[in-house]
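In case you want the letters, here they are:
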Amino acid sequence: MQKSTLRIIGNKAIMNIRERMCETPEELLDSEKLHQVLNHCIRNLQSKNSPLLEIFDGRAVDSESISDLVNTLKYLVKYENSLVEHVDKRSVTFIRNLDRLADFVEYLYDCWRGFDRFIVNDSEGDRLDKRPYRTFNETVERLSHLIRSVYRQIIENITGSHPNVYRQIPAGAEMSVISMPKEIVWNDDRYRKLNSIPVIRQMLIYPPLVIHQPMNKRTGHFKKIEKNPIDLVELHPDEWLCYPARIGKLLVMVYFHIDFFELGFSQCNLFQLADDNDLQRKPDAVFIYGAQGNVLDGLSTSPTVFCEDSQNDIFVGAVPGRPEFGYFGYLKKMALTLHNAFMMKSGTMPFHGAMVKILLQGNKEATILMMGDTGAGKSETLEAFRVLGEKHIRELTIIADDMGSIELDRAGVPIGYGTETGAFLRLDDLQPGYAYGHLDRSIIMNPSQVNARIIIPVTKFETVIQGHKIDYILYANNYEDIDESHPIIERFSTSDAALDTFRAGAVMSKGTTTSSGLVNTYFANIFGPPEYMNIHEEIVKRYFKSFFRNNVFVGQMRTRLGVQGFESNGPREAALELLRIIGVEN
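Every value quoted in this text rests on a predicted model; they were computed, and no experiment measured them. (Residues numbered from 1 in each chain as written. Predicted model: local features only at pLDDT ≥ 70, side-chain atom pairs only at ≥ 80, totals over all residues. Heavy atoms only, no water.)

(A) A nonpolar patch on the surface, seen in detail. Taken together, the side chains of Y79, L83 and V87 define a hydrophobic patch exposed on the protein surface, amounting to about 250 Å² of accessible area. Relative to the helices and strands, L83 resides in helix 4 (residues 81–87). (Patch = residues over 30% accessible without salt bridge, like charges linked within 9 Å, V, L, I, M, F, W, Y side chains within 5 Å. Areas by Shrake-Rupley, 256 points an atom, 1.4 Å probe, with all protein chains shown as cover. Salt bridge = Lys/Arg side-chain N within 4 Å of Asp/Glu carboxyl O. Helix = DSSP H or I, 4+ residues; strand = E, 2+ residues; numbered from the N terminus.)

(B) Spatial organisation of the packing of aromatic side chains. This structure, assessed with the given rule, holds 25 aromatic pairs. Here W186 and Y191 contribute two aromatic rings whose centre-to-centre distance is 5.5 Å and whose plane-to-plane angle is 15°, an arrangement assigned as stacked. Assigned by exposure class, W186 and Y191 land together as buried. Among the aromatic residues, ring-to-ring pairing joins Y475, F492, F502, Y522, F523, Y543, F544 and F547 into one connected group. Taking the ring centre of Y109 as reference, the NZ or CZ of R113 above it sits at 5.3 Å. (Phe/Tyr/Trp six-rings, centres within 6.5 Å; stacked < 30°, edge-to-face > 60°. Buried < 20%, exposed > 50% of the residue type's maximum accessible area, 1.4 Å probe, protein only. Lys NZ or Arg CZ within 6 Å of the ring centre and 35° of its normal.)

(C) Just the nonpolar core, in detail. Of all hydrophobic cores here, the largest spans 78 residues; its most connected members are F265, M349, F502 and F544. At 11 residues, the largest contribution of residues to this core is made by helix 9 (residues 328–345). The contact partners of F265, leaving out residues within four places of it in the chain, are F118, V120, M175, V177, I200, M203, L241 and F256. Counting residues in each nonpolar core, the second largest holds 51 residues, with I17, L53, L108 and I119 among its members. (Core = buried A, V, L, I, M, F, W, Y, C linked by side-chain atoms within 4.5 Å. Contact = heavy atoms within 4.5 Å.)

(D) How the structure looks around the packing of helix 2 (residues 32–47) against helix 3 (residues 63–78). Put simply, helix 2 and helix 3 touch, their axes get as near as 12 Å, and they point 120° apart. Remark: the crossing between helix 2 and helix 3 carries right-handed chirality. Residue-level inspection shows H35, L38, N39 and I42 of helix 2 in contact with helix 3, the latter providing I66, L69 and V70. Looking at the contact of helix 2 with helix 3 residue by residue, the classes come out as 5 nonpolar, 2 polar and no charged. (Axes fitted to C-alpha atoms, helices over the stretch in contact; angles between N-to-C directions. Left-handed = near helix turned anticlockwise from the far one by under 90°. Nonpolar A, V, L, I, M, F, W, Y, C, P; charged D, E, K, R; others polar.)

(E) Geometry of helix 2. Taking 1.5 Å per residue as the helical rise, helix 2 with its 16 residues ought to reach 22 Å, and the 23 Å between its terminal C-alpha atoms agrees with that figure. Those residues of helix 2 lying buried are L34, V37, L38, H40, C41, I42 and L45. Buried residues belonging to helix 2 abut strand 1 (5–9), helix 1 (25–30), helix 3 and helix 6 (98–113). Phi turns positive one or two residues past the end of helix 2, at N49, with a value near 50°. (Expected span 1.5 Å × (residues − 1).)

(F) Representation of unusual backbone geometry within the structure. Residue P208 is bonded to the preceding P207 through a cis peptide linkage, with omega at 0°. Here P208 shows up in the loop between strand 5 (199–205) and strand 6 (209–211). The phi torsion at D313 lies on the positive side, around 55°, for a residue other than glycine. Mapping D313 onto the fold places it in the loop between strand 12 (305–309) and strand 13 (314–320).

(G) View of the side chain of T304. The topology assignment puts T304 in the loop between strand 11 (285–291) and strand 12. Here the side chain of T304 touches H221 through a polar contact of 2.7 Å, landing on its backbone oxygen. Looking at T304, its side chain comes within polar contact range of the side chain of S302, at 2.8 Å. Aside from chain neighbours lying at most four places away, what touches T304 is H221, F222, K223, A318, V319, P320, F325, Y330 and M334. (Polar contact = N/O pair within 3.5 Å; in protein donor to acceptor, adjacent residues only side chain to side chain.)

(H) Main features of the pairing of strand 14 (residues 349–360). With 11 of 12 residues buried, strand 14 is to be regarded as a mostly interior element. As paired strands, strand 14 and strand 17 (residues 403–408) are joined by 4 bridges and run antiparallel to one another. Among the inter-strand pairings, M349 is bridged to a residue of strand 17, identified as I406. In the sheet, strand 14 pairs with strand 15 (residues 365–371) via 7 bridges, with the strands oriented antiparallel. Directly across from I358, in strand 15, lies its bridge partner A366. Connecting strand 14 to the next strand, strand 15, in antiparallel fashion are 4 residues, including G362 with a positive phi near 90°. Where strand 14 meets strand 16 (residues 393–400), 6 bridges bridge the pair, whose relative direction is antiparallel. Residue pairing in the sheet places K357 in a bridge with T397 of strand 16. (Pairing = 2+ DSSP bridges.)

(I) Seen up close, the pattern of salt bridges. Taken as a whole, this structure holds 35 salt bridges when the rule is applied. The salt bridge involving D276 is made with R201; its shortest N-O contact spans 2.9 Å. Residue D276 is found in the loop between strand 10 (272–273) and strand 11, and its partner R201 is found in strand 5; the two are separated by 75 residues along the sequence. With a relative accessible area of 28%, D276 lands in the partly exposed category. Classification of R201 by relative accessible area gives buried; the value is 7%. Put simply, E308 and K345 hold a salt bridge, and the shortest N to O gap is 3.5 Å. Pair noted here: E308 is in strand 12 and K345 is in helix 9, with a separation of 37 residues, a long-range link. Three or more residues are tied together by salt bridges with common partners; here these are R59, D68, D88 and R90.

What follows is the structure, given as structure tokens:
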């Protein structure tokens, strides 16, 4: 990354810090970064012919008059407005209309806070990662306090009054990282160019965050190709960062472009950030999010592609950097596709589903895996369990919210593992008030649009990788209503019958992708299995026989999430019925 820069890209303001931050109002108002923001705001006002430009009182809005404006603001930090004109005659232009000047300062402050704001602390040579709290305190906290106090002092000296209510709104960065070069172990020199990209070692966020993604839906599939994307992409150190993600048992190096910083940083609420011990081994996968230009076009039916580099025992995924791919679902699902592909090549069964361990009143417990496609009602049923918790459940532990894997132990017993520590949920499908109850740690994306999402931590990484004996495996059926022939929860009698339903992967689309209506996806999991269908078929046939041999309850659960009128009650009634069955069987 370049040293001590501010870049404004769309709605993002990205500060890269290599030297000390501004410590005084004078330093802040004299800084090049302040002038960048001020010029940006003035251009916006000029494009609208805004009345706020009347503060220039007919003067040309050029570098000289803007410099006079900055000097006036510097005096207004110290002095009341009646004294400023005696200090500098050039300030008379701006203090002639105090109401308009106050409105301009408010606009400038709101314009700055309207950005998605990020600070990257470049730790090269300084080892800031060894004193992260001090680093964050001296950058993010200090900047926020300085900007807020300068704004307040100027406004109070313009208006001559003090507010009755002070709101401690974060005015610095909303997200900050400490990044540094890391010598990652690679078997092939082709990958060594990735070592020029700084690796995130610590993060600080100020939730709740509201992030505006360029896109609010995902489309297309992640296609396996023969050509390795690592040979096609160019990564410049001043435009990229790496988030080293622990996804289940795997280490996935996620490299993301500056155009997608808001999405790359949001991984902290979803995937565990790898520690220094993790980074001493060779990564299992590489994901390049934001590849330049059209380098991925034409490689498959979709430019969202991945490759198996069997010679180096590593998977490589890539997604273009164009705005239509600026949706967190692309980042999340490609990372999980790489996980699933690795699992299948290892002879392990991946799943698209939610897994939870429930301890009921009376010490009855069960580990439940609900498999199904996006919008099938998995997360919504978990949410129903949370709501029912006080009355029926002593403890609820989430193992997997969206993806995971199943291994068979030496006795052939199925053991489940998760991948993520967080959840990427549709706001519309949550119980009323649930999102508000978790605002203190949430990242909210495109809240005013269809498919608005929230990312929240839901479990511990130790729980994700611990391994849990599975008692129930249910297909989440969101499209069928219930009657005498179609109970809420239906148990399959044979592995072949179960495989027919799971293999069909039927789901009523909820609008989270560009598909609609009733659709079928192989094993409700487009994220890897269709690209390895022969291998996957061998795995699932062997695993489902093991499920029945070990008396695992294998069935389908009708959540009715896709049935009009049952979007809330459907998952709740499914959860209640499952709790009843667990209580009876255990």
